[in-house]
Amino acid sequence: MKKSHAFIIIVIISILLSSIYGIIHDQITFTISEEYYTKFKFIQFGLNNWNIGQDIGTISSPELKLYNPRLGVTIVGVIATWWVGLLTGLLLGLVGLIHENGKKMLFITLKAILITTGIALVIGLMGLLFGKLFLTTSTPNWYFPNKLIHKDRFIMVGSMHNFSYIGGLIGLIISIRFSFKQKGKLEMNT
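This is a predicted model, so every value here is computed, not measured.

Overview of the confidence of the model for the protein
Okay, step 1: Of the residues in the protein, 89% have a pLDDT of 70 or more, and the chain-wide mean is 90.
Okay, step 2: Per-residue pLDDT stays below 50 along residues 56–66; that stretch engages in eleven contacts with residues further than four places along the chain or on separate chains.

Structure (structure tokens):
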């Protein structure tokens, strides 16, 4: 396999994995705080104009309602993370060029992407816990929508989101180091 082909595959897989991560992450956080989406994220991403997450009434019968906030959450998850996957794939793909051939480049770099994702997840969960233990007791200086019913849940989810991005950055740094270490190990074995 050529390195150029491996590079393209790495970027595509990184975007897909990042988008899937965003969907799962946001489905979990929606379960914790619907208001984070219905009163903040849907508006931030312009989905409130699509009437996602709102009961807009009926089209032709009283039973038919276009209410699917989880679809909106899925859209937010993809929009919020695909670009992180693009940057991660590009950076780790460029670092991956250090490897001997396309096959090793692909294998090692895909491991690096999984490491980045795993670290983002763990640090994101730490953010949820940090939000619960510390931020809910000393309200952060954040934007809070009007008529917020469950402020503590909103804060916890906001904290998890922020920590997840930080976790992605930390994971990226660790993954770059991982890739270089793998190169060193392979050279020592030859």
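More follows now that the structure is in view.
Some remarks on the nonpolar core
Okay, step 1: Tyr37 and Phe42 are the most contacted members of the largest nonpolar core, which totals 14 residues.
Okay, step 2: Counting only elements with at least two residues in this core, the list comes to α2 (34–44), α3 (69–96) and α5 (151–188).
Okay, step 3: Ranked by size, the runner-up nonpolar core spans twelve residues in total, among them Phe7, Ile10, Leu106 and Ile108.

Concerning the pattern of salt bridges
Opposite charge on two side chains lets them pair, provided their charged atoms get close.
Okay, step 1: All chains considered together, the criterion is met by two salt bridges.
Okay, step 2: As a salt-bridge pair, glutamate 35 and lysine 39 come within 2.8 Å of each other at their nearest N and O atoms. Residue glutamate 35 and its partner lysine 39 are located together in helix α2, separated by four residues, close to a single helical turn.
Okay, step 3: For glutamate 35, a relative accessible area of 8% corresponds to the buried category.
Okay, step 4: Classification of lysine 39 as partly exposed rests on a relative accessible area of 22%.

Notes on the packing of aromatic side chains
Okay, step 1: Inspection of every chain in the model, using the stated rule, returns twelve aromatic pairs.
Okay, step 2: With 6.2 Å between their ring centres and 55° between their planes, tyrosine 37 and phenylalanine 42 make a pair best called tilted.
Okay, step 3: A relative accessible area of 0% places tyrosine 37 in the buried class.
Okay, step 4: With 5.8 Å between their ring centres and 55° between their planes, phenylalanine 144 and phenylalanine 154 make a pair best called tilted. Pair noted here: phenylalanine 144 is in the loop between α4 (102–135) and α5 and phenylalanine 154 is in helix α5, with a separation of ten residues, a long-range link.

Parameters at a glance
Residues numbered from 1 in each chain as written. Predicted model: local features only at pLDDT ≥ 70, side-chain atom pairs only at ≥ 80, totals over all residues. Heavy atoms only, no water. pLDDT = per-residue confidence, 0-100. Contact = heavy atoms within 4.5 Å. Core = buried A, V, L, I, M, F, W, Y, C linked by side-chain atoms within 4.5 Å. Buried < 20%, exposed > 50% of the residue type's maximum accessible area, 1.4 Å probe, protein only. Helix = DSSP H or I, 4+ residues; strand = E, 2+ residues; numbered from the N terminus. Salt bridge = Lys/Arg side-chain N within 4 Å of Asp/Glu carboxyl O. Phe/Tyr/Trp six-rings, centres within 6.5 Å; stacked < 30°, edge-to-face > 60°.

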